[in-house]
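Chain residues, written in single-letter form:
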Amino acid sequence: MQSLPLTLAAFIFVLGILVFIHELGHYAVAKLFKIRVEVFSLGFGKRLIGFRRGDTDYRISLLPLGGYVKMAGENPMEDRTGDPGELQVHPPGKRFFMRIAGPF
C-alpha cells in the first residue's frame, strides 16, 4: 500500500502522455486543413494553467482524465459565418480525417 501514491502518479503521467498524443493528432490535422483551433486542453473542467498563442488557448485543466481540441465552427448548432477556418465549411472527407487523426 505504500506505493499507491507512486502508482497513481505514474498512471496519471502515462495517461497524460497518451491523451497528449491523441489530441495532438486532432490538432495537427486541423492545422493542416487550416481549421482554426480555439482550445487545446489536457484535462477537463476548470483551466489551471496555460497560455494563448494566436487564436489557440493551450491549457492544462483540473480533471486529468482526458482532453479535447475545440475547433471553430465545431458545434453544428452554432451559426456559421462562412469563415474558411470553421470546421463545418470543410468537406465531409476532411472532417472525417480530422476526427480519426487522434486515434490513428
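Source: prediction; values computed, not measured.

1. Quick look at a nonpolar patch on the surface
Inference 1: Together, Phe13, Val14, Ile17, Leu18, Phe20, Ile21 and Leu24 make up a nonpolar patch on the protein surface, roughly 660 Å² of accessible area in all.
Inference 2: As for its position among the elements, isoleucine 21 is in helix H1 (residues 4–32).
Inference 3: According to the relative accessible area criterion, isoleucine 21 is exposed, its value standing at 53%.

2. Considerations on the side chain of serine 41
Inference 1: Summarising the element assignment, serine 41 is placed in strand E1 (residues 37–53).
Inference 2: Owing to a relative accessible area of 0%, serine 41 belongs among the buried residues under this scheme.
Inference 3: One polar contact links the side chain of serine 41 to the main-chain carbonyl oxygen of glycine 43, over a distance of 2.8 Å.
Inference 4: Apart from residues lying up to four places away in sequence, serine 41 is in contact with Arg59, Ser61, Gly67 and Tyr68.

3. Details of the confidence of the model for the protein
Inference 1: On average, the protein scores 89 in pLDDT, and the residues at 70 or more come to 98%.
Inference 2: Taken element by element, the protein is modelled with least confidence in helix H2 (residues 92–100), mean pLDDT 89, and with most confidence in E1, mean pLDDT 95.

About the cut-offs
Residues numbered from 1 in each chain as written. Predicted model: local features only at pLDDT ≥ 70, side-chain atom pairs only at ≥ 80, totals over all residues. Heavy atoms only, no water. Patch = residues over 30% accessible without salt bridge, like charges linked within 9 Å, V, L, I, M, F, W, Y side chains within 5 Å. Areas by Shrake-Rupley, 256 points an atom, 1.4 Å probe, with all protein chains shown as cover. Salt bridge = Lys/Arg side-chain N within 4 Å of Asp/Glu carboxyl O. Helix = DSSP H or I, 4+ residues; strand = E, 2+ residues; numbered from the N terminus. Buried < 20%, exposed > 50% of the residue type's maximum accessible area, 1.4 Å probe, protein only. Polar contact = N/O pair within 3.5 Å; in protein donor to acceptor, adjacent residues only side chain to side chain. Contact = heavy atoms within 4.5 Å. pLDDT = per-residue confidence, 0-100.

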